[in-house]
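Architecture at a glance
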Amino acid sequence: MTASLTGSMASWVPLMPLLLVAIGGFALLVVDALSDEHAELATLSSVVLFCAGALAAVLATGKGLVPPPSGVAPYLAVGQMSQFWNATICCGAGLSALLAGGYLHEHALERGEFYALIVFSAFGAMVLAAATDLLSIFIGLETMSLGVYSMVAYRRGSPRAAEGGLKYFLLGSFAAAVLLFGSALIYGATGHTDLAGIGQSVRDGHANLRLLILGMLMLLSGLTFKVSAVPFHMWTPDAYEGAVTPATTFMSVVVKTAAFAVLLRVILTCFSDELSASLRTGWPGMLAPMAAATMILGNFAAARQANVKRMLAYSSIAHAGYILVGVVTLYSGDEQVRQTAVSGVMFYLLAYTVSNVLAFGSLIALGSYAKEAVSYEDLAGAGRRHPLAALPFVLGVLSLMGFPPTAGFLGKWYVFSAAIASGNDLLWLVIVGVLSSVVGAYYYLRVIVYLFMKSPEPGAAIAVPMRSGYVVLALVLSGYFVLKMGVTPAPYIDLALSAASKLG
Amino acid sequence: MTAGGEALFAFCALVAVLSALGTVIVHSPIRAAMSLLAHIIALSGLFLLLHAQLLAALQMLVYAGAVVVLFVFVIMMIGPSVPEPPVLRGMVTKTAAIAIMVVLTAILAFSLMPVHMPDIALGPCLPGEGAECDQFGGVGAFSQSLFLDGLVPFELISVLLTVAIVGAIAVARGRSREEVAASQHKRDAQAKAAAEQGAREQAMAAEVSAHGGHG
């Protein structure tokens, strides 16, 4: 079989978002090398990412979506679902690039590499989300992760950045090795590296069961590490705290989206037969307790933090738990329930992307070079002194909390209602989720309390909000989508549903 | 499979496992690098037994020839006699780690037990098997799968290598002296302005709280 990469011009259209981002990344490197000023790199990278995202959003509706060249199909899926993920990833990465444009300039950290890393990591994330072969999963994962490791360790001379970066790098490499070992075992058990072939072999019962189960567990462990699910969450607070805030934003939204995308694809294509999707014997038996532990630990640990960035890190762990509830719902044999669950997870990740950018972006906006806003104390009274800078923060935490009519509320609603629709087996998980999000309300509201009802300690250094058009633009864009998705969710959930009905 | 092949497999596998252990256990970095070298050579022996001649040659050239040599250069540059690292972990942690290792190994062994191994070392091609068997693992067959069947992952890896280089530069490169000097000036002015602004804010906050906190 000789695959080919030649085809009509039209057959390249579905690959355009991916190619645009890759070419944009290389263009950034060239522009950075030839120009002196760095200010326009933020504009260039965010324009590239938003263009790719907009194109992917159009393709996600199914318009102009033709089969790609035959050589691509075994490794990457470029159907509606992949395009939806592309759009989400590009949106998160583009907003992070905007935040970086403001933050790096303000804190005298401006260097062109950072934008190239954002764009290339986003490319890796898109490959990962579209991967249909164990080989492309691994390549996508590494492309994404290598960029993120370096973004975490980017701030030179900061011991916290070095600590976070090294921890993330070592644990991440270990997780990648586990994933690779799992892939090897799955290949040994089924004789296939492509997900469709593995799924066929599993359904036919040809696979060696012991090898397959161990391989599946290792593969899923490697992937759940990336979404920072308990017990693979240890690196998250340190890496999130040590990284420069735009990198933290990128990690929390883009990496999570891509990892959940590939988790969904692997489960739906390979392990959706009755045996491996059974609550007692299959992967749900591993993922359901994991989801519960992630929600509980994430929320309780977040409530104990004094540092807002660390609080948001634990809150992102908690959100991984809520999304895992949606993933576990795929155990259901009912096609309707599965599609609702998949579209719920897709909507949740899009909502989470814009809400989290809003929260981290406001944290960036409330500090400046002299003093960065990191702890609750730094936020004290900022809302009364600078209502405009604090307003997006309020919207962001309300959405993360799941307060109607924001996007976050509907995300939780769709995921939990799919879990309930699947039957009584997951009721306990939904109850755990709802109860633990009540704990979540405590620490999210605490931000608002500090912003508006506290006063700074007399004599303490005060964080003065920074001024940057980039950050304002990012906040306006994400704030718009948080409200838009919360008030008129129909176009988004319809898009997710139609993408979920055609796995590709 | 021939008896000679089996013996060679056993030898290479034993060397590979022992040298892998050696790489992580020994304290001296230079000995660890040498263990790694032994491991790589043993691995390429295993590749040879599977008729992957080109892969075996590349393994020797790239890893034994280039990568390990680079490691040794770096160790020589830093100095081979790194002082013993202090023992940070207590007996409890060590015991727990060993216990987890044993359990994991047991699980792995249990899962691998039913696998029968006819193919650990392939015999020579039989007369009837034709050209495909002869060419397997050679340059032609290897290029076929690398540049035709696997062209997409091959291209994707080019981005992976780029991001690795850019990332390494981003982490290792500080700012150049000119950049630091240029920004320092700007920073000083900004910091001064920010300090004044901070003082104003402080006064404002004090005023707000003095008036009952409803500013």
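Quick caveat: nothing in here was measured; it's all calculated off a predicted structure. (Residues numbered from 1 in each chain as written. Chains lettered and ligands numbered in written order. Predicted model: local features only at pLDDT ≥ 70, side-chain atom pairs only at ≥ 80, totals over all residues. Heavy atoms only, no water.)

**Re the overall build of chain A**
Rules: Every helix listed is a DSSP run of H or I at least four residues long, and every strand listed is a run of E at least two residues long, numbered separately from the N terminus. The globule rule used for comparison is 2.2 Å times the number of residues to the exponent 0.38, while the radius of gyration itself is calculated over C-alpha atoms. Exposure classes here rest on a 1.4 Å probe applied to the protein chains alone. A residue is buried below 20% of its type maximum, exposed above 50%, and partly exposed in between. Two residues form a contact once any of their heavy atoms are found within 4.5 Å. The accessible surface values rely on the Shrake-Rupley method and a 1.4 Å probe; as for residues, cover is taken only from the protein chains in view. Residues counted as positive are Lys and Arg, residues counted as negative are Asp and Glu, and His and the chain ends are not counted. Every charge is mapped onto a representative atom, which is NZ of Lys, CZ of Arg, CG of Asp or CD of Glu.
Helix and strand counts for chain A come out as 20 helices and zero strands. The C-alpha atoms of chain A give 22 Å as radius of gyration, which agrees with the globular expectation for 504 residues (23 Å, within 12%). Seen through its principal axes, chain A has C-alpha atoms that stretch 70 × 55 × 40 Å. Residue burial in chain A is summarised as follows: out of 504 residues, 67% are buried. Considering only contacts in chain A between residues 6 or more positions apart, those separated by 24 or more positions represent 81%. For chain A, the exposed area adds up to about 16600 Å²; of that, 69% sits on carbon and sulfur atoms. The centroid of the 25 positive side-chain charges in chain A is displaced by 7 Å from the centroid of its 24 negative side-chain charges.

**So, the overall build of chain B**
In terms of helices and strands, chain B carries eight helices and zero strands. Sorting the 215 residues of chain B into buried and exposed places 23% on the buried side. Considering only contacts within chain B whose residues lie at least 6 apart along the sequence, 63% involve residues at least 24 apart. Carbon and sulfur atoms provide 74% of the accessible area of chain B, an area that totals close to 14400 Å².

**Focus: the packing of aromatic side chains**
All names here are of chain A. Our working rule: Only rings of Phe, Tyr and Trp enter the pairing, Trp through its six-membered ring, and a pair is recorded when the two centres are within 6.5 Å. The plane angle decides the type: under 30 degrees is stacked, over 60 is edge-to-face, the rest tilted.
Taken as a whole and assessed by the stated rule, the structure comprises 16 aromatic pairs over all chains. Ring centres of Y376 and Y450 lie 5.4 Å apart, and the angle between their planes is 40°; this geometry places the pair in the tilted category. Residue Y376 is located in helix α14 (residues 376–379), and its partner Y450 is located in helix α18 (residues 427–453); the two are separated by 74 residues in the primary sequence. Here the two residues Y376 and Y450 agree in accessibility, since each one is buried. Residues Y480 and F481 carry aromatic rings whose centres are separated by 5.3 Å and whose planes lie at 75° to one another, so their mutual orientation is edge-to-face. With relative accessibility at 29%, the residue F481 sits in the partly exposed group.

**Looking at the side chain of S35 of chain B**
All names here are of chain B. Turning to its location among the elements, S35 is positioned in helix α2 (residues 29–49). Overall, S35 belongs to the buried group, its relative accessible area being 15%. With sequence-adjacent residues up to four places away left out, S35 is seen in contact with S19, G22 and T23.

**Regarding the nonpolar core**
Selection rule: Take the buried residues of types Ala, Val, Leu, Ile, Met, Phe, Trp, Tyr and Cys, join any two whose side-chain atoms come within 4.5 Å, and each joined set is a nonpolar core.
Y168, L379 and F393 of chain A are the most contacted members of the largest nonpolar core, which has 201 residues in total. Looking at which element gives the most residues to this core, the answer is helix α13 (residues 335–365) of chain A, with 18 residues. Grouped together as the second largest cluster of nonpolar side chains are six residues, I40, A64, V68 and I75 of chain B included.

**Details of the interface of chain A and chain B**
Interfaces are often described in size by the accessible area the parts lose on coming together. Quick note on the threshold: When two parts are put together, the accessible area they lose, computed with a 1.4 Å probe and summed over both, is reported as buried area. A side-chain nitrogen of Lys or Arg and a carboxyl oxygen of Asp or Glu constitute a salt bridge if their distance falls within 4 Å. Pairs of N or O atoms within 3.5 Å make up the polar contacts considered here, provided that, within protein, one atom can donate a hydrogen while the other can accept it, and that residues adjacent in sequence are counted only when both atoms are side-chain atoms.
Listed per partner, the contact involves 52 residues of chain A and 47 residues of chain B. Both sides together, the interface formed by chain A and chain B hides about 4200 Å², and carbon and sulfur atoms give 69% of it. There are zero salt bridges connecting chain A and chain B. Linking chain A to chain B there are five residue pairs in polar contact (both at pLDDT 80 or more).

**Quick look at the packing of helix α9 (residues 235–242) of chain A against helix α10 (residues 245–269) of chain A**
Residue and element names in this part refer to chain A. Our working definition: Here an axis means a line fitted to C-alpha atoms, over the contact stretch when the element is a helix, while the angle between two N-to-C directions is reported on a 0 to 180 degree scale. Angle categories: roughly parallel below 35 degrees, roughly antiparallel above 145, roughly perpendicular from 65 to 115, and oblique for all the rest. When residue character is reported, Ala, Val, Leu, Ile, Met, Phe, Trp, Tyr, Cys and Pro are called nonpolar, Asp, Glu, Lys and Arg charged, and the others, Gly included, polar.
With their axes 8 Å apart at the nearest point, α9 and α10 run at an angle of 135° to one another. Our classification of the angle between α9 and α10 gives oblique. Residues W235, A239 and Y240 of α9 form the contact with α10, whose own contacting residues are T248, M251, S252 and K256. When its residues are assigned to classes, the contact of α9 with α10 shows four nonpolar, two polar and one charged.

**As for the packing of helix α8 (residues 209–226) of chain A against α10 of chain A**
All names here are of chain A. Filter applied, for reference: Definitions for this section: a left-handed crossing has its near helix turned counterclockwise from the far helix by less than a right angle. A right-handed crossing has that turn clockwise.
α10 packs onto α8 with a crossing angle of 155° between their chain directions and a minimal axis gap of 8 Å. Considered as vectors, α8 and α10 are oriented roughly antiparallel to each other. When you trace α8 past α10, the crossing you get is left-handed. Facing α8, whose interface residues are L219, L220, L223, T224 and K226, α10 presents V255, A259, V262, L263, V266 and I267. Grouping the amino acids of the contact of α8 with α10 by side-chain chemistry returns nine nonpolar, one polar and one charged.

**Brief notes about the confidence of the model for chain B**
All names here are of chain B. Rule in force here: Every residue is assigned a pLDDT by the predictor, reflecting its confidence on a scale from 0 to 100.
Overall, the prediction assigns chain B a mean pLDDT of 81, with 77% of residues at 70 or greater. Predicted confidence in chain B is weakest over helix α8 (residues 177–210), with a mean pLDDT of 69, and strongest over helix α7 (residues 151–172), with 93. For this predicted complex, the interface confidence score (ipTM) comes to 0.91, while the overall pTM stands at 0.91.

**Considerations on the pattern of salt bridges**
Residue and element names in this part refer to chain A. Counting across every chain of the model gives eight salt bridges over all chains. Across the pair E113 and R111 runs a salt bridge whose closest N-O atoms are separated by 3.4 Å. We note that E113, like R111, is buried. Residues K167 and E163 are paired through a salt bridge, measuring 2.9 Å at the closest nitrogen-oxygen approach. Taken as a pair, K167 and E163 lie in helix α6 (residues 159–190) at a separation of four residues, close to a single helical turn. For K167, a relative accessible area of 32% translates into the label partly exposed. You can call E163 partly exposed: its relative accessible area is 35%.

**Some words on the state of the cysteines**
Residue and element names in this part refer to chain A. As a reminder, the rule being used: When the sulfur atoms of two cysteines come within 2.5 Å, that pair is taken as a disulfide.
In the structure shown here, the tally under the stated rule is zero disulfides over all chains. Here C90 stays unpaired: no disulfide links it, and the sulfur of C91, its closest cysteine neighbor, is 8.8 Å away. Accessibility expressed as a relative area gives 0% for C90, which makes it buried.

**A short note on α9 of chain A**
For α9 of chain A, the tally of buried residues reaches eight of eight residues, placing the bulk of the element in the interior. The inward-facing, buried residues of α9 of chain A abut α5 (134–152), α6, α8, α10 and α12 (308–328) of chain A.

**With respect to the environment of A301 of chain A**
Residue and element names in this part refer to chain A. Residue position: A301 is located in helix α11 (residues 284–303). The class of A301 is buried, set by a relative accessible area of 15%. When the C-alpha positions of A301 and D334 are compared, they lie 36 Å apart, and in sequence the two are 33 residues distant.

**So, the environment of G150 of chain B**
Residues and elements named next belong to chain B. Here G150 is to be found in the loop between α6 (139–149) and α7. Relative accessible area serves as the criterion here: at 11%, G150 is assigned to the buried category. Sequence separation of G150 and H51 is 99 residues, and the distance between their C-alpha atoms is 20 Å.

**A few points about a nonpolar patch on the surface**
To keep things clear, this is the line we draw: Candidates for patches are residues over 30% relative accessible area with no salt bridge; among them, like charges are joined within 9 Å and nonpolar side chains (Val, Leu, Ile, Met, Phe, Trp, Tyr) within 5 Å.
Nonpolar side chains collect at one region of the surface, where L14, V17, L18, L21, V24 and I25 of chain B lie side by side and expose about 620 Å² of accessible area between them. For I25 of chain B, the position within the fold is in helix α1 (residues 3–25).

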